[in-house]
Amino acid sequence: VSTSHLQLAAFALGTVGWILCTVSMGIVEWRVWHVDNTTIISSGIAWVGIWKVCFISYLHVSPGYEEQFCHKLSGYDSFIPHEIYAAQGLLLIAMCMGLLGLSATVFALRNVYMGITHKTLITRFFLVGGFFYILAGLCVLIPVSWNFYSVTHNQSIAFPPSYYMPSSPAAQEAGAAIPIGIVAVILLLLSGAFSLSYRFPVTTNTITK
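Nothing here was measured: the structure is a model prediction, and the numbers come from that model.

**Describing the overall build of the chain**
On a plain count of helices and strands, the chain comes out with 4 helices and 5 strands. Shown N-terminal to C-terminal, the secondary structure of the chain runs as helices and strands in the order α-β-β-β-β-α-α-β-α. Buried residues in the chain amount to 40% of all 209 residues. Here the contacts in the chain between residues at least 6 apart in sequence split such that 67% fall between residues at least 24 apart. Here the chain displays about 10,800 Å² of accessible surface, and carbon together with sulfur accounts for 68% of that area.

**Some details on the sheet that holds strand 4 (residues 67-72)**
Sheets are built from strands paired through backbone hydrogen bonds, the pairs being either parallel or antiparallel. Spatial strand order, 4-3-2-1-5: 5 strands in an open sheet with antiparallel pairing. One side of each edge strand has no neighbouring strand; the edge strands of this open sheet are strand 4 and strand 5 (171-174). If you compare each strand with its neighbour and ignore which way they point, the axes differ by 20 degrees on average. Across 3 bridges, the pairing between strand 2 (residues 45-48) and strand 3 (residues 52-57) is antiparallel. The residue bridging A46 from the neighbouring strand is F55, located in strand 3.

**A closer look at the state of the cysteines**
On inspection of all chains with the given rule, the structure shows 1 disulfide. Sulfur-sulfur distance for the disulfide between C54 and C70 comes to 2.0 Å. Since a negative S-S torsion denotes a left-handed disulfide, the C54-C70 link at about 110 degrees is right-handed. Residue C54 is located in strand 3, and its partner C70 is located in strand 4; the two are separated by 16 residues in the primary sequence. C21 carries a free sulfur, and the closest cysteine sulfur to it, the one in C139, is 8.8 Å from it. Classification of C21 as buried rests on a relative accessible area of 1%.

**A word on the confidence of the model for the chain**
On average, residues of the chain carry a pLDDT of 86, and 89% of them reach 70 or more. Looking at the elements of the chain, mean pLDDT is at its lowest for strand 4, recorded as 84, and at its highest for helix 4 (residues 177-196), recorded as 94. Segment residues 204-209: pLDDT under 50, and 10 contacts once partners within four positions in sequence are set aside and those in other chains are kept.

**Some remarks on the side chain of N111**
Relative to the helices and strands, N111 is located in helix 2 (residues 82-113). Residue classification places N111 among the buried positions, given a relative accessible area of 2%. In terms of polar contacts, N111 uses its side chain to reach the side chain of R110, at 3.0 Å. Other than its neighbours up to four places away in sequence, N111 contacts I116, L121 and I122.

**Observations concerning helix 3 (residues 119-152)**
For helix 3, built from 34 residues, the straight-helix expectation of 50 Å at 1.5 Å per residue is met to within 8% by its first-to-last C-alpha distance of 49 Å. A positive phi of about 50 degrees marks N154, the residue just after helix 3.

**Side note on the pattern of salt bridges**
Opposite charge on two side chains permits pairing when their charged atoms draw close. For the structure on display, the rule yields 1 salt bridge. R31 is the partner of E83 in a salt bridge, and the nearest nitrogen-oxygen pair spans 2.5 Å. Of this pair, E83 sits in helix 2 while R31 sits in strand 1 (residues 31-34), placing them 52 residues apart in sequence. Of the two residues examined, E83 and R31, each falls in the buried class.

**Concerning unusual backbone geometry**
Residues other than glycine seldom take positive phi values, yet N154 does so here, at roughly 50 degrees. Mapped onto the elements of the fold, N154 is located in the loop between helix 3 and strand 5. For Y164, which is not a glycine, the phi torsion comes out positive at approximately 55 degrees. Here Y164 lies in the loop between helix 3 and strand 5.

Reading the values: rules and limits
Residues numbered from 1 in each chain as written. Predicted model: local features only at pLDDT ≥ 70, side-chain atom pairs only at ≥ 80, totals over all residues. Heavy atoms only, no water. Helix = DSSP H or I, 4+ residues; strand = E, 2+ residues; numbered from the N terminus. Buried < 20%, exposed > 50% of the residue type's maximum accessible area, 1.4 Å probe, protein only. Contact = heavy atoms within 4.5 Å. Areas by Shrake-Rupley, 256 points an atom, 1.4 Å probe, with all protein chains shown as cover. Pairing = 2+ DSSP bridges. Axes fitted to C-alpha atoms, helices over the stretch in contact; angles between N-to-C directions. Disulfide = S-S within 2.5 Å. pLDDT = per-residue confidence, 0-100. Polar contact = N/O pair within 3.5 Å; in protein donor to acceptor, adjacent residues only side chain to side chain. Expected span 1.5 Å × (residues − 1). Salt bridge = Lys/Arg side-chain N within 4 Å of Asp/Glu carboxyl O.

This is the structure in structure tokens:
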């Protein structure tokens, strides 16, 4: 059992990484746009996520109050840049792959800690779990790095007039979703490496199948 402690750590890291992947996908702060025209975007800041665009506005709101306006981004919208479109699909895949990795690891750990000595079964499930963790990490790494590249190069998005967004910001910076995604990548890749490193213990009392 002692040889599986690293795989138990892999399960813990994979769980946290999967949760952070989900959080990164759900929050809107992927890109933080700073705009000069504050007629509609009153705070001068807009948040561009992979599913929606939001900003604070005082327009058509009672004095002293503010309201957050959001517009959903669909995969069918032609103005969406490739990196956002890719992030929508790859992060959904990462969630599924991470969940499969967690399931495989749980099954393998259950067999180990219950004393089931089926070498081939346990080893294969740890390998499968590690493969899914690494695949999930890569699926998060691609959109996170791609969107970070777009932010550092201040790339524009041709929003339609109904979004009340400028096509290009005065400046932009990476939002919270990108560092959260980077941490998720690190944890998922580590958990994958730990799972793949499993070696079934060889003892004189162990019967392997």
